[in-house]
Amino acid sequence: MSAVSVQTDVLVVGAGAMGSGIAQVAALAGHRVFLADTSAEAVEKGCAAIAASLREQVSKGRLDAARAESTIARIHGIDKLADARTATLAIEAIVERLDVKRALFFELESTLPEQAILASNTSSLSITALTAGLSRPERVVGMHFFNPAPRMKLVEVVSGLATDADVADTVFATAVAWGKVAVHVVSSPGFIVNRVARPFYAEAQRVLAERAAKPATLDAAMRDCCGFPMGPFELMDFIGHDVNFAVTRSVFDACFGDRRYEPSLFQQELVAAGRLGRKSGRGVYDYRAGAIPPRP
Ligand code: NAI
């Protein structure tokens, strides 16, 4: 099975951390990309972040300047999905809520060409549940990138009960053509990586609740001595506590309340306080004075 052709227009919905990263990856691979969001400001910020990221690559000698500029020129911020009517691959990276994503898939189905592949970057929601009620559920598939999408290699290609095997294979080949390492997964709570990573976050929060160690001590131990690129608290701050908490709740619910995946009250409080991590300036750590978390 081959990848979608480079002539394929790609629509990315959600211009936050993940959507802008995915748009960058697709445009760098040569596609014309439409970037949409309910917030015009998010589209503007997303496009600016992509341009800054590509120009930084140029300044570091990792990317040719002409290629960076032509990539930037291929990305079009749009304010309504109808402006992306030519897209035959759509990837959504909007808020991690089943009801909101389902409403979007209904809209995509009625806006894009019949043959369009509709992909979700969901971290944890059931692809089967996302497709319920759609007239063409066989064209819906998970295309789960990791954060930051331009740098992280893995893409989980997730099949729901209705997903056509050819659609999953095309998305797999497309991820590979975009320079990624793809794996096929059957839709299950948290798929592979987020499922296996749950105890990493949960146990760290239990250690904190027991006052056994401070976050910076625990992060340093895991990062500097155990080979993890980031400790659990830095990583949750990087992912965003709103996203991480939503993923934990979704895995917990999907596993019928299995206590191993129980969400933490600590993280619920951070979300309630708007302390979402790096993106809001404060999470477990305070980034307002600079971007480096404190050392133990
Ligand atoms: P984010 O909060 O940075 O961005 C989400 C964007 O979606 C916002 O700009 C928001 O305005 C927009 N949005 C919300 N509802 C919308 C709608 N109905 N239509 C259009 N735009 C809408 O979130 P982030 O981190 O980019 O996550 C997005 C998705 O990617 C979630 O499903 C998340 O689970 C998944 N994901 C997140 C990762 C992470 O580390 N943050 C890693 C991999 C997947």
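Reading guide: rules and limits
Per chain, residues are indexed from 1 in the order of the written sequence. Only residues with pLDDT of at least 70 get local features here, since the model is predicted, and only at 80 or more are side-chain atom pairs given and counted; chain-wide, interface and lining totals rely on the full set of residues. Strands qualify as paired when DSSP identifies two bridges or more between them. The way it works is that DSSP assigns letters per residue, a run of H or I at least four long becomes a helix, a run of E at least two long becomes a strand, and they are numbered from the N terminus. For every element, the axis is a line fit to its C-alpha atoms; helices are fit only across the contacting stretch, and the angle between N-to-C directions ranges from 0 to 180 degrees. To assign burial, the other C-beta atoms lying within 10 Å of each residue's own C-beta are counted, with C-beta atoms placed from the backbone; 20 or more indicates buried, 12 or fewer indicates exposed, and intermediate counts indicate partly exposed. The length a helix should cover is 1.5 Å for every residue beyond the first. What the arc measures is the spread of directions leading from the helix axis to the C-beta atoms. Whether two residues are in contact is decided by their C-beta atoms, placed from the backbone, lying within 7 Å.

- Per an unreviewed UniProt entry, the protein chain goes by 3-hydroxyacyl-CoA dehydrogenase PaaC and derives from Azoarcus taiwanensis.

## So, the sheet that holds strand β8 (residues 181-186)
Alright, step 1. The eight strands lie next to each other as β3-β2-β1-β4-β5-β6-β7-β8, forming an open sheet whose pairing is mixed. Looking at which strands have only one partner, the edges of the open sheet turn out to be β3 (75-78) and β8. Across the sheet, the mean angle from the axis of one strand to that of its neighbour is 25 degrees, orientation sign disregarded.
Alright, step 2. Bridge count for strand β7 (residues 154-159) against β8 is six bridges, and the pairing is parallel. What sits directly across from V157, in β8, is H184.

## Looking at unusual backbone geometry
Alright, step 1. Residues N147 and P148 are joined by a peptide bond in cis, for which omega reads 0 degrees.
Alright, step 2. In this structure, P148 sits in the loop between β6 (140-145) and β7.
Alright, step 3. Phi angles above zero are rare outside glycine, and F191 is one such case at about 55 degrees.
Alright, step 4. If you trace the backbone, F191 turns up in the loop between β8 and α7 (193-209).
Alright, step 5. Under the C-beta neighbour-count criterion, F191 is labelled buried, with 23 such atoms within 10 Å.
Alright, step 6. The backbone of F256 sits at a positive phi, close to 55 degrees, despite the residue not being glycine.

## Quick look at helix α4 (residues 98-111)
Alright, step 1. Relative to the 20 Å expected for 14 residues at 1.5 Å per residue, α4 spans 20 Å between its end C-alpha atoms, a close match to the ideal helical length.
Alright, step 2. Along α4, the positions that sit buried rather than exposed are K101, L104, F105, L108 and E109. For α4, the buried positions fall inside an angular range of 140 degrees around the axis, keeping them on one side. Away from its buried face by more than 90 degrees, α4 exposes D99, V100, A103, F106 and S110.
Alright, step 3. If you follow the buried residues of α4, they end up packed against β1 (9-13), β4 (87-92), β5 (117-120), α5 (127-131) and β6.

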